[in-house]
Amino acid sequence: MQASDFKQLFLPCHRKLFSVAYRLMSNAQAAEDMVQETFLKLWMQRDKMEKVDNPEAYSITVLRRIFYDKMRAGHLQEVDKDVGSLQVSSSQNISKQLEEADEYQRVRLLITHLPEPQARIMLMRDIEDRSFEEISIETGLTEVNIRSILSRARKKIREQIKAMRYDKD
């Protein structure tokens, strides 16, 4: 594949890739790094790609696999949202926003510590907002099985959150 063909196929996907990466990472810089890593991986595989029917879907799949590989290897650090993204209107509002951001990060951390495939399916459904059909296609599991796994994962998260709240009291 020539550079011009590569640019024509994959560069229009940048916005969607960044959107998915930002939802996964919750940090603009980390998301952009993930997108660049995706483009690099796609470029390195360009000679192996025969014909890509849907470049956007293919590139998003590559991005997600990079994310999951890093998550499994423990190379991803839990990142906080950019401080500049918080609006300053009152100290009570800031406190509430910081609490919500902290809670979001704790729940995200709990999800990443779930066993496979619970963690992966919960991330795909609740963080990435993917449909059961999309998850089924990517994982090879039936939608009924996905719903069951998701239900167990959510139950574990609820129990862990309850335990954390009781520990505070």
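Reference entry: report on the structure contained in this document. (Residues numbered from 1 in each chain as written. Predicted model: local features only at pLDDT ≥ 70, side-chain atom pairs only at ≥ 80, totals over all residues. Heavy atoms only, no water.)

## Here's the deal with the overall build of the chain
And step 1. Regarding its fold elements, the chain presents eight helices and zero strands.
And step 2. Each helix and strand of the chain, ordered N terminal to C terminal, gives the series α-α-α-α-α-α-α-α.
And step 3. Taking all 169 residues of the chain together, the buried fraction comes to 33%.
And step 4. Long-range contacts, defined here as pairs at least 24 residues apart, represent 63% of the contacts in the chain between residues at least 6 apart.
And step 5. Total accessible area on the chain stands at roughly 11,000 Å², and carbon and sulfur atoms take up 50% of it. (Helix = DSSP H or I, 4+ residues; strand = E, 2+ residues; numbered from the N terminus. Buried < 20%, exposed > 50% of the residue type's maximum accessible area, 1.4 Å probe, protein only. Contact = heavy atoms within 4.5 Å. Areas by Shrake-Rupley, 256 points an atom, 1.4 Å probe, with all protein chains shown as cover.)

## Focus on the side chain of Gln118
And step 1. Relative to the helices and strands, Gln118 is located in helix α6 (residues 118-127).
And step 2. The buried category is assigned to Gln118, whose relative accessible area is 9%.
And step 3. Residues within four places of Gln118 in sequence aside, it is in contact with Ile149, Arg152, Ala153 and Lys156.

## Details of α6
And step 1. Of all ten residues in α6, eight are buried, a share of seventy percent or more.
And step 2. All buried positions along α6 are accounted for by Gln118, Ala119, Arg120, Ile121, Met122, Leu123, Met124 and Ile127.
And step 3. Immediately beyond the C-terminal end of α6, within one or two residues, lies Asp129, with a positive phi of roughly 60°.

## Looking at a negative patch on the surface
And step 1. There is a patch of like negative charges on the surface, built from Asp129, Glu133, Glu134 and Glu143.
And step 2. For Glu143, the location among the structural elements is in helix α8 (residues 143-168). (Patch = residues over 30% accessible without salt bridge, like charges linked within 9 Å, V, L, I, M, F, W, Y side chains within 5 Å. Salt bridge = Lys/Arg side-chain N within 4 Å of Asp/Glu carboxyl O. Lys, Arg positive; Asp, Glu negative; His and termini not counted. Charge placed at Lys NZ, Arg CZ, Asp CG, Glu CD.)

## Digging into helix α3 (residues 28-44)
And step 1. In this model, α3 (17 residues) spans 24 Å end to end at C-alpha, consistent with the 24 Å of a helix rising 1.5 Å per residue.
And step 2. Those residues of α3 that fall on the buried side of the exposure criterion are Ala30, Ala31, Met34, Val35, Thr38, Phe39 and Leu42.
And step 3. Those residues of α3 that are buried are in contact with α1 (3-10), α2 (14-25) and α4 (55-73). (Expected span 1.5 Å × (residues − 1).)

## Some points on the pattern of salt bridges
And step 1. Here the structure, examined in full by the defined rule, presents three salt bridges.
And step 2. Taking the shortest distance from any N to any O, the salt bridge between Arg120 and Glu138 comes out at 3.0 Å. Pair noted here: Arg120 is in helix α6 and Glu138 is in helix α7 (residues 132-139), with a separation of 18 residues, a long-range link.
And step 3. With a closest N to O distance of 2.6 Å, Arg154 and Asp126 form a salt bridge. Within this pair, whereas Arg154 is found in helix α8, its partner Asp126 is found in helix α6, the two being separated by 28 residues in sequence.
And step 4. On the basis of relative accessible area, Arg154 is assigned to the partly exposed category, the value being 32%.
And step 5. The exposure class of Asp126 is partly exposed, given its relative accessible area of 34%.

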